[in-house]
Each structure stands twice: as C-alpha cells, then as structure tokens.
Amino acid sequence: MSTPPLASGHDGPHALRPLLDTVLEALDTGARARGGPLPAGGPEAVAGRIREAVGDVLPDRGDPHAVRTLVHAFAATAADPAHPLCAAHLHCPPLAVAAAADLAASALNPSMDSWDQAPGASELERLVATALAQEVNPAGTPDSLVTTGGTESNQLALLLAREAHGGSVRLVCGANAHHSLPRAAWLLGLPEPAVVPAPGGTLDPDALDATLTRLSGPLLVAATAGTTDAGLIDPLPEIAAHCAAHGARLHIDAAYGGGLLFSDRHRARLTGLDAADTVTLDLHKLGWQPVAAGLLAVRDAHDLTALRQRADYLNADDDTEAGLPDLLGRSLRTTRRPDVLKLAVTLKTLGRSGLGALVDQICAHARQFAALVDAHPDFELHAPPVISTVLFRPTGATDTTVAAVRRALLTDGSAVLGRARLDGRLWLKATLLNPATGPDDLAALLHLAATSRATLVEGHTPR
C-alpha cells in the first residue's frame with residue numbers, strides 16, 4: 001500500500017485539489033438530498049441513514065470512496081444554518097472566505113503552544129487579539145485570548161477573577177445568566193453563586209445593589225449582553241456603576257451581543273462594555289465564523305499573568321530570554337488549532353463596514369419578522385427584538401401545543417425553530433443570523449409555524 005498523501009508540504013495542494021472537488025460535490029448532492037433546513041424523519045430515521053452510510057467504522061480494507069460517501073451523508077443529515085428556515089440557535093452560517101481560511105489552517109496544522117510550531121501564526125494571533133481587545137476597551141492595556149467559545153471564555157473570566165483576588169471570589173449573576181457561569185463556579189470550587197432576579201429577562205440593577213450591599217468578600221458580577229433565550233442586554237451602565245461603588249469586579253458575557261461593536265448603528269447598545277474587567281466574545285455568532293471562534297478580552301493585560309506556566313520543552317527560560325515568544329500562557333489548552341487565521345482573513349476582507357453591514361442586516365430581518373408576527377391574528381409577539389432573536393407563540397395555545405408545534409416542524413424537516421421560557425410561558429424562538437434571508441423566507445417561516453399549529457389543533461385553520 002502506498003503512503004496516503006499529506007495535506008501540506010510540497011505536494012499538499014496537488015493532493016487536496018481533487019479531494020476538494022469531491023467534497024464540494026458531496027456537499028451539493030447531500031444538501032439536495034436533504035431538501036430543507038433539517039433532515040426529515042426525526043432522530044431515529046436520521047441515525048439510521050448515518051449507520052447505513054458508515055457501515056463498518058473500521059473495516060479491514062479501506063474504502064477509497066469514503067470521503068464522497070460520508071460527506072454526502074453528513075450534508076444530507078445536517079441542520080444547515082445557511083438555510084433561511086433554520087433559525088433556532090446562535091448557530092451562524094459561516095462566510096465562505098472564513099471557511100476557506102479554515103481549510104488552510106487545517107492543512108498546515110500549526111499548534112499554538114510554542115513558537116517553533118506556529119511562528120507566523122503566533123504573531124498573527126497577537127495582532128488580532130490586541131485589535132479585538134481594543135474594540136472592547138480602547139483605553140488602558142487591553143488584550144484578549146482566543147478560546148473555543150463562550151463557555152471557555154466564561155470559565156477563564158472566573159479563573160482570572162479568583163486569582164486577582166488571591167484565590168477566592170464569589171460569583172454574583174442574574175437569573176438570566178448563561179448556564180456556563182454557575183457551572184464554572186462549580187468547576188473552580190468557588191462558593192455557591194448569588195443569583196439576582198432578572199424580571200423580564202434582564203438583571204435588576206436595584207436588586208444587584210441590594211445584593212452587593214448584603215454580601216462581603218471579593219465579588220465578581222457577571223452581566224449579559226445578549227441572552228440566549230431572547231437576545232436581551234442587561235442595563236450595563238447601571239450595573240457597572242454599582243460594581244464601582246461596591247468595589248466588585250465586573251465580567252460581561254457578550255458572546256451573542258459583542259458583534260454589535262462592528263455596527264455604527266447598533267454599537268451604542270453596548271454602552272458600558274468598556275467598564276468590564278473581562279468580556280466574552282463569540283465570532284461564531286455575530287461574526288459568521290466556522291466554530292470555534294471565541295475570545296476573552298481583558299481590560300488589563302497584567303491579569304493574564306495568572307495563566308503563565310513553564311514546560312521546558314515548550315518555553316524554556318533560556319529560549320524566552322533569547323526572544324522566542326512564550327505561548328503557553330495564552331490558554332489553558334496546550335495543543336490548540338490556529339483559529340485566528342479565519343478571524344484575520346474575515347476582518348481584513350470585510351473590514352468594519354462590511355461586518356457592520358451584516359450586523360445591520362440581521363437586526364433588520366428580526367424587526368421585519370417581529371412585524372409579521374405582530375400583524376398576524378394567529379400569533380402573539382413577546383416583544384420587539386433587541387438584537388436578532390424574536391419570541392412568538394400561537395395565540396391562545398398552551399405550552400404543550402407550543403412545544404408540539406416546534407417538534408412537528410423538526411420531524412418534518414421543514415423549519416428549525418428554538419424554544420425559550422420567559423415570563424412563565426413557553427415561546428417559539430427565531431434566531432435570525434443569516435444575512436441572505438429575504439422577506440419571502442420570513443413569511444414562509446411564519447406560515448409553516450401556522451400550518452403546523454393547524455394540524456395539531458382540530459378545527460383551527462391558519463389565516
């Protein structure tokens with residue numbers, strides 16, 4: 001048996017080219033076979049199709065057609081975020097230029113844990129991390145770390161707060177906070193978080209003030225700029241003022257809403273963000289990047305010294321003294337891929353105006369969809385959207401019916417809507433992240449929800 005070709009090296013591009021043709025063809029035929037935003041039939045039917053395509057996972061003899069077969073099956077059974085009727089989660093359709101850059105990163109396969117494994121990538125990461133940190137906080141000495149997403153960024157934020165306070169800190173967060181925050185407190189062995197009421201879905205600043213007055217010891221307040229259920233933004237300036245008055249450290253989880261920084265029209269919604277000690281960003285949401293593309297921005301780069309580690313084979317003292325950059329303190333991970341390349345290519349290709357235009361488009365789509373819902377006699381709108389999430393439900397429906405409407409659409413493969421519980425009721429959730437979505441797509445999404453409800457409720461017909 002001859003040695004299989006490698007993806008990089010002198011012959012790498014030549015070896016990849018025919019494989020790329022195969023992959024692109026399989027992506028196309030798989031999407032056509034799927035025919036919609038989600039494969040029809042539900043979990044067991046989809047699992048059966050995958051089992052049939054895979055067959056023996058580790059056969060005695062290899063299959064030269066495995067790439068074509070499995071990529072086709074992968075695409076045919078995917079939830080496609082680029083389909084305009086796939087609107088459930090903070091799961092964006094990636095830009096083609098970002099996916100192309102990600103291929104280069106995969107082919108070259110640098111590991112971002114020592115300079116001799118990633119010479120150019122290490123400097124590229126430094127430049128991008130600094131630039132994005134300055135977007136969050138133009139003053140002081142900001143920096144940022146590339147992470148796998150909001151969960152890792154939030155964990156790092158709590159870790160840095162703990163270390164800044166000498167090994168102990170208590171998390172104070174709203175009832176609307178992302179689940180990764182209390183989970184990070186548990187993981188780090190911190191005290192039970194103090195949970196502040198969030199009536200209407202945003203943290204109550206007066207209740208926060210009362211909580212900070214009552215509690216003693218080092219405190220970390222976590223606010224949210226873009227909740228996962230309704231895309232709401234906490235009152236950041238008031239929260240920051242209370243933190244300053246009580247000497248509490250502030251973290252803002254802007255995994256969803258952070259992308260508003262690129263938009264001149266919507267950036268003001270993040271007023272107060274620069275008061276945070278740490279900020280979570282996710283550019284695989286409002287940045288249209290392939291997963292993963294997270295960051296943790298810090299106002300004071302000195303905070304990152306808590307992550308420094310020594311491993312002689314990666315960052316020996318004499319090497320760093322001789323000028324080789326030390327990458328080991330840039331993450332809790334050791335081996336990590338160069339996710340920075342796709343970020344750099346996207347920022348350079350689109351610029352601030354291009355990214356801002358995409359943000360403006362999806363915010364406009366959310367307002368348009370909310371207007372359709374509000375005008376429809378068979379639906380109730382929860383509230384006007386703050387970013388790009390719209391909550392709605394069939395008029396007069398029970399929570400059981402709302403859940404059933406969503407599952408029926410999923411099983412049919414016709415539309416992908418999320419669910420959120422707010423104000424004591426269950427809502428259908430449309431999270432609009434596809435800039436290419438058009439007015440007809442929005443109308444079709446609402447019509448499918450109405451039709452699904454009609455099939456579940458005897459005697460009801462959509463208007």
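Quick note: structure is the one above.
All values derive from a computational prediction rather than experimental measurement. (Residues numbered from 1 in each chain as written. Predicted model: local features only at pLDDT ≥ 70, side-chain atom pairs only at ≥ 80, totals over all residues. Heavy atoms only, no water.)

S.K.: It is not clear to me how the overall build of the protein should be interpreted in this structure. Could you clarify?
M.R.: Helices and strands together make up the secondary structure of the protein, namely 14 helices and twelve strands. By the compact-globule yardstick of 23 Å for 463 residues, the protein fits well, its C-alpha radius of gyration being 24 Å. Principal-axis analysis of the C-alpha atoms gives the protein an extent of 75 × 70 × 40 Å. For the protein, buried positions account for 51% of its 463 residues. Look at the contacts in the protein between residues 6 or more apart in sequence, and 71% of them connect residues 24 or more apart. (Helix = DSSP H or I, 4+ residues; strand = E, 2+ residues; numbered from the N terminus. Rg over C-alpha atoms; globule rule 2.2 N^0.38 Å. Buried < 20%, exposed > 50% of the residue type's maximum accessible area, 1.4 Å probe, protein only. Contact = heavy atoms within 4.5 Å.)

S.K.: Help me understand the nonpolar core, please; the structure alone is not making it clear to me.
M.R.: Note on soluble globular proteins: their nonpolar side chains tend to be buried together. Counting 54 residues, the largest nonpolar core has V172, V221, L250, I252, V279 and W288 as the members making the most contacts within it. Counting residues in each nonpolar core, the second largest holds 26 residues, with F392, V402, L445 and A450 among its members. (Core = buried A, V, L, I, M, F, W, Y, C linked by side-chain atoms within 4.5 Å.)

S.K.: I'm lost on the pattern of salt bridges in this one. Help?
M.R.: If the charged atoms of two oppositely charged side chains come close together, the side chains can form a pair. Under the defined criterion, the tally for this structure stands at 23 salt bridges. For the salt bridge of D317 with R310, the shortest nitrogen-to-oxygen distance reads 2.6 Å. When its relative accessible area of 42% is taken as the criterion, D317 is described as partly exposed. Residue classification places R310 among the partly exposed residues on the basis of a relative accessible area of 48%. (Salt bridge = Lys/Arg side-chain N within 4 Å of Asp/Glu carboxyl O.)

S.K.: What should I look at first to understand the environment of D412 in this one?
M.R.: On the secondary structure map, D412 appears in helix 13 (residues 399-412). Through-space distance from the C-alpha of D412 to that of G41 is 6.2 Å; in sequence the pair is 371 residues apart. In terms of polar contacts, D412 uses its side chain to reach the side chain of S414, at 3.2 Å. (Polar contact = N/O pair within 3.5 Å; in protein donor to acceptor, adjacent residues only side chain to side chain.)

S.K.: Could you clarify how one ought to interpret the sheet that holds strand 12 (residues 425-431) in this entry?
M.R.: Pairing between the strands of a sheet is mediated by backbone hydrogen bonds and can be parallel or antiparallel. Taken together, the five strands give an open sheet; going across it, the order is 1-11-12-10-9, and neighbouring strands pair in mixed fashion. With one partner strand each, in any of the chains shown, strand 1 (86-87) and strand 9 (379-381) form the two edges of the open sheet. Judged from the five bridges that link them, strand 11 (residues 416-422) and strand 12 form a sheet pairing that is antiparallel. When the sheet's bridge partners are listed, A420 is paired in strand 12 with W427. (Pairing = 2+ DSSP bridges.)

S.K.: I would appreciate a short explanation of the sheet that holds strand 7 (residues 278-282) in the present structure.
M.R.: Spatially, the seven strands line up as an open sheet ordered 2-8-7-6-5-3-4, and their pairing is mixed. If you trace the sheet from one side to the other, it starts and ends with strand 2 (143-147) and strand 4 (194-196), each paired once. Strand-to-strand twist across the sheet, computed as the mean angle between neighbouring axes with direction ignored, equals 20 degrees. Summarising the sheet, strand 5 (residues 219-224) and strand 6 (residues 249-254) pair through five bridges and their orientation is parallel. Pairing of L220 across the sheet is with R249, part of strand 6. Sheet strands touched by helix 8 (residues 205-214): strand 3 (170-174), strand 4 and strand 5. Its angle to strand 4, the strand with the most contacts, is close to 155 degrees. (Axes fitted to C-alpha atoms, helices over the stretch in contact; angles between N-to-C directions.)

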